[in-house]
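Architecture and fold: a report
So you can see what is in the structure, the chains are spelled out below.
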Amino acid sequence: MSEGRIDLLARLPFLKAILNSRAFQPALMLATLFFFTLAALTGLFGTPAGSRNFGIIFVWIVWWALLIIVLVPFFGRLWCAVCPIPAPGEWLQRRGIISRVPGRLRTLRWRWPRRFKNIWLQNFGFLGVAIFSTIILTRPGVSAWVLLSFVLVGVILSILYENRVFCRYVCPVGGFIGLYSLLAPLELRVKDTQVCREHTPKDCLIGTENSYGCPWMVFPGSLTRNTYCGLCTECLKACPKDNIALNLRPFGSDLLVAKERRLDEAYKAFIMLGCALLYSAVLLGPWGWIKDWANMETPAHWALYALGFLTITLLLLPGLFWLTTVAARRLAGQQTPLRRLFVDYAYTLVPLGLAGWIAFSFGFVLVNGSYALVVLSDPFGWGWNLFGTAGVPWTPLWPRLIPFLQVGTLTIGLLFALDIAYRIARQHSRDHHSAFLTTLPIAGFLAAVTVGFLRLYLG
Amino acid sequence: MPRTPAILSWRTIRLLLPFALLALALWLIPAPATSAPSVRRISLEATQYQFTPGRVRVNQGDRVIITLTSSDVVHGFYLDGYGLKTRVEPGVAQRIEFVADRPGKFRYRCAVSCGPLHPFMIGELVVGPNVPFWRALGLTLTALAGMLAYLWQRRGQQETAEVSPDSR
Ligand code: SF4
Ligand SMILES: [Cu+2]
């Protein structure tokens, strides 16, 4: 199980000490909350010109680039440990910020409905934001209201329900971070599952006088994937057996955990891949009319655009993949039910989808990065010049480098996806031969998507 | 289970060498000679939030003369890879002249903040033949073929499912 793992906590005592301190996580959350508040304020009261507004630039360029190019691929859910959005709700529940306030969480203790114990709400929440994204990305006021509404929903849910129900089941961002964190080379796990099985008090679940029960409602002893662990390290603070490990591991390990694959997550993979392709065409493409439609030039046009968007992500892409799976199954004479294969092979879209998002992000982050310097000095666009950088002209950074980065990222994503495809096929096949045959149609699909991206970026 | 990293074995290197060479060749072979350069006059109109035409094709070596106009507010023009930058006011045509000596696709973008969608006001100049695109395509497909060959030769190795679906 722990093959190829390196426990960072065992190697780096200072890291363990930092993570064991109750002040560390709140300190980072307070820092991000400061920037979040500034983003919301500048969004509401600053200039309506997006490229001069701190809220737009810092959320959709700086934070976004950091999240999708660095944090998610290399650190998985780490962002969720420092995210400001659930902070007010969590602190209200706990009646404190740093120290462990004795007693249970203060909530109405409602029960989260069983049928929402999955990521479908996150899937539809993301799509809901996605069809409005051209507006949200470019209007500081709208952007601020969307961010504030996330906080508000977080607070309301933490009054009604215990723990981070918002993060786990509702947050549209959390959904894709969870899915793509399957790839990350970092994981929180227990050292020995046997120790957990025999330790009946389960301090990590109920909390101790120095820790809260897992806010993500996850039992560390049965963690096999990163998806729903928010890396808050409450369990590290709780465990009397010193059984928690923070491992370095090979990229993508979790994609091979067969027993936890689910349709809602598979759909998340389709939605994310579809959005990466669509955004690349709509926002970075040369077609002005699509931009007009996405920009709600008329309600009818926007409705058509939204309909097309949803059809492509929810029906067309999954439909084509379904046909690919049918072909793959026939070719190798597999016995596994088709639905199961469809769900399982959809996880090959995780590496490719993330590569697509990174490539898309390279397409606008480097070009528009110089705005960050401007808004740092003049966050509201009111003519301030705090650090003397308010007058920096718009300077695209290495536009000639962008295609190389995009091709490199997409190729790595494609090769990674192929390897995963074969290994998933192997889980369903008697022998190497049929696994290889099964991989071929999947490879065709993955290659077609990659060529689609290349066509949009370079062709 | 002792495991040597398969990617480093001689067998793998022998297997992947042809693909690596092919990729290298695709990267390095000189582009085909282009047709004789000509002068290309293009009128480009900027409106919120697009350029018309949104896509311009020229041949490598062509002298490109763009007449840029704006039909609503002040816009700009910035050409990736060529570094050209201008500003255009409604009613005052701008002339942009350059030799398209680099092949590939280069985006031209509005360079003057002109409204919410300004950062996405983008057009495409394709300087053909679009050798970088074909090279990229060739490299990616060669990598794909190499990967399939690598997966195929796993035949001899025992591949264990880390957590097989039926193990519980
Ligand atoms: S407290 Fe530690 S040993 Fe006990 S169940 Fe939790 S992780 Fe396992
Ligand atoms: Cu413009």
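Residues numbered from 1 in each chain as written. Chains lettered and ligands numbered in written order. Predicted model: local features only at pLDDT ≥ 70, side-chain atom pairs only at ≥ 80, totals over all residues. Heavy atoms only, no water.

Attention now moves to the site of ligand 1. Looking at ligand 1, the residues that line it are C196(A), H199(A), K202(A), D203(A), C204(A), F219(A), C239(A), P240(A), K241(A) and I244(A). A breakdown of the residues in the shell around ligand 1 according to their chemical character gives six nonpolar, one polar and three charged. (Near = heavy atom within 4 Å. Nonpolar A, V, L, I, M, F, W, Y, C, P; charged D, E, K, R; others polar.)

Strand order across the open sheet formed by five strands is β3-β9-β8-β5-β6 (chain B), with mixed pairing between neighbours. A single partner strand is all that each edge strand has here, and the edge strands are β3 (55-59) and β6 (84-88) of chain B. The sheet shows a mean angle of 20° between the axes of neighbouring strands, taken without regard to direction. Where strand β5 (residues 75-79) of chain B lies against strand β8 (residues 104-109) of chain B, two bridges are found, and the strand directions are antiparallel. Residue L79(B) lies in a different strand from β8(B), and its bridge partner there is Y108(B). Relative to β8(B), helix α22 (residues 432-458) of chain A is tilted by about 60°, and along the sheet it contacts β3, β8 and β9 (122-128) of chain B. (Pairing = 2+ DSSP bridges. Helix = DSSP H or I, 4+ residues; strand = E, 2+ residues; numbered from the N terminus. Axes fitted to C-alpha atoms, helices over the stretch in contact; angles between N-to-C directions. Contact = heavy atoms within 4.5 Å.)

Residue and element names in this part refer to chain B. Distances from the copper ion (ligand 2) to its protein donors, H75 (ND1), C110 (SG), C114 (SG) and M121 (SD), fall within 2.0 to 2.7 Å. What the four donor atoms of the copper ion (ligand 2) show is an angle range of 93 to 121° at the metal, which sorts the shape as tetrahedral. Within one chain, the residues serving as donors to the copper ion (ligand 2) are arranged as H-x34-C-x3-C-x6-M. Within this pair, whereas C110 is found in the loop between β8 and β9, its partner M121 is found in the loop between β8 and β9, the two being separated by eleven residues in sequence. Given a relative accessible area of 2%, C110 falls into the buried group. (Donors = N, O, S within 2.8 Å, 3.2 Å for Na, K, Ca; no water. Tetrahedral: all angles 85-135°; square planar, octahedral: opposite > 155°, others 65-115°. Buried < 20%, exposed > 50% of the residue type's maximum accessible area, 1.4 Å probe, protein only.)

With that settled, the discussion passes to the pattern of salt bridges. Counting across every chain of the model gives 27 salt bridges over all chains. Taken together, the salt bridges that share partners define one network made up of R5(A), E187(A), R189(A), R249(A) and D254(A). (Salt bridge = Lys/Arg side-chain N within 4 Å of Asp/Glu carboxyl O.)

Residues and elements named next belong to chain A. One can read the domain layout of chain A as domain 1 (1-260) and domain 2 (271-458). Distance from the C-alpha centre of domain 1 to the C-alpha centre of domain 2: 24 Å. When domain 1 packs against domain 2, close to 3,900 Å² is buried across both sides, 77% of that on carbon and sulfur atoms. Contact with domain 2 buries area across many residues of domain 1, yet I131, Y180 and L256 alone supply 17% of it, more than any other trio. Viewed at the interface, domain 2 and domain 1 are joined by zero salt bridges. Counting every contact that joins domain 1 to domain 2 gives eight residue pairs in polar contact (both at pLDDT 80 or more). (Domains from an automatic or database assignment. Buried area = accessible area lost by both parts, 1.4 Å probe. Polar contact = N/O pair within 3.5 Å; in protein donor to acceptor, adjacent residues only side chain to side chain.)

Before going further, it helps to spend a moment on unusual backbone geometry. Residue Q48(B) is joined to Y49(B) through a cis peptide bond whose omega torsion reads -10°. Examined against the element boundaries, Y49(B) turns out to sit in the loop between β1 (39-47) and β2 (50-52). Despite not being glycine, R109(A) has its phi angle at roughly 60°, a positive value. Positioned with a positive phi, M296(A) is a non-glycine residue whose angle comes to about 60°. Tracing the backbone shows M296(A) in the loop between α16 (288-294) and α17 (299-332). For M296(A), a relative accessible area of 34% gives the class partly exposed.

This part takes up the pairing of β1(B). Residue and element names in this part refer to chain B. Both β1 and strand β4 (residues 63-70) contribute to a ladder of eight bridges, which runs parallel. Residue S43 lies in a different strand from β4, and its bridge partner there is T67. Across three bridges, the pairing between β1 and β2 is antiparallel. Looking at β2, one finds that T47 is bridged to Q50. Counting the residues between successive antiparallel strands, the hairpin from β1 to β2 contains two residues.

Residues and elements named next belong to chain B. The four strands are arranged β2-β1-β4-β7 in an open sheet whose pairing can be described as mixed. The strands lining the two open edges of the sheet, one partner per strand, are β2 and β7 (94-99). Across the sheet, the mean angle from the axis of one strand to that of its neighbour is 25°, orientation sign disregarded.

Time to look at the packing of helix α7 (residues 120-131) of chain A against α17(A). Residue and element names in this part refer to chain A. The contact between α7 and α17 brings their axes to 10 Å, and the two run at 140°. In terms of crossing hand, the pair formed by α7 and α17 is right-handed. Seen from α7, the contacting residues are F124, L127, A130 and I131; seen from α17, they are W302, Y305, A306, F309, L310, T313 and L314. Of the residues in the contact of α7 with α17, the class split is ten nonpolar, one polar and no charged. (Left-handed = near helix turned anticlockwise from the far one by under 90°.)

This brings us to the interface of chain A and chain B. Contacts between the two partners involve 55 residues from chain A and, on the opposite side, 49 residues from chain B. Where chain A abuts chain B, roughly 4,700 Å² becomes buried across the two surfaces, and 66% of that area is made up of carbon and sulfur atoms. The tally of links between chain A and chain B comes to one salt bridge. The closest approach of N and O atoms between D419(A) and R154(B), which form a salt bridge, is 2.6 Å. Between chain A and chain B we count 14 residue pairs in polar contact (both at pLDDT 80 or more) in total. The set of elements that each furnish at least two residues to the side of chain A that touches chain B consists of α8 (133-138), α16, α19 (349-368), α21 (402-427) and α22 of chain A. It is α22(A) that provides the largest number of residues to the side of chain A that touches chain B, a total of 14 residues. When grouped by side-chain class, the residues that make up the side of chain A that touches chain B number 28 nonpolar, 16 polar and eleven charged.

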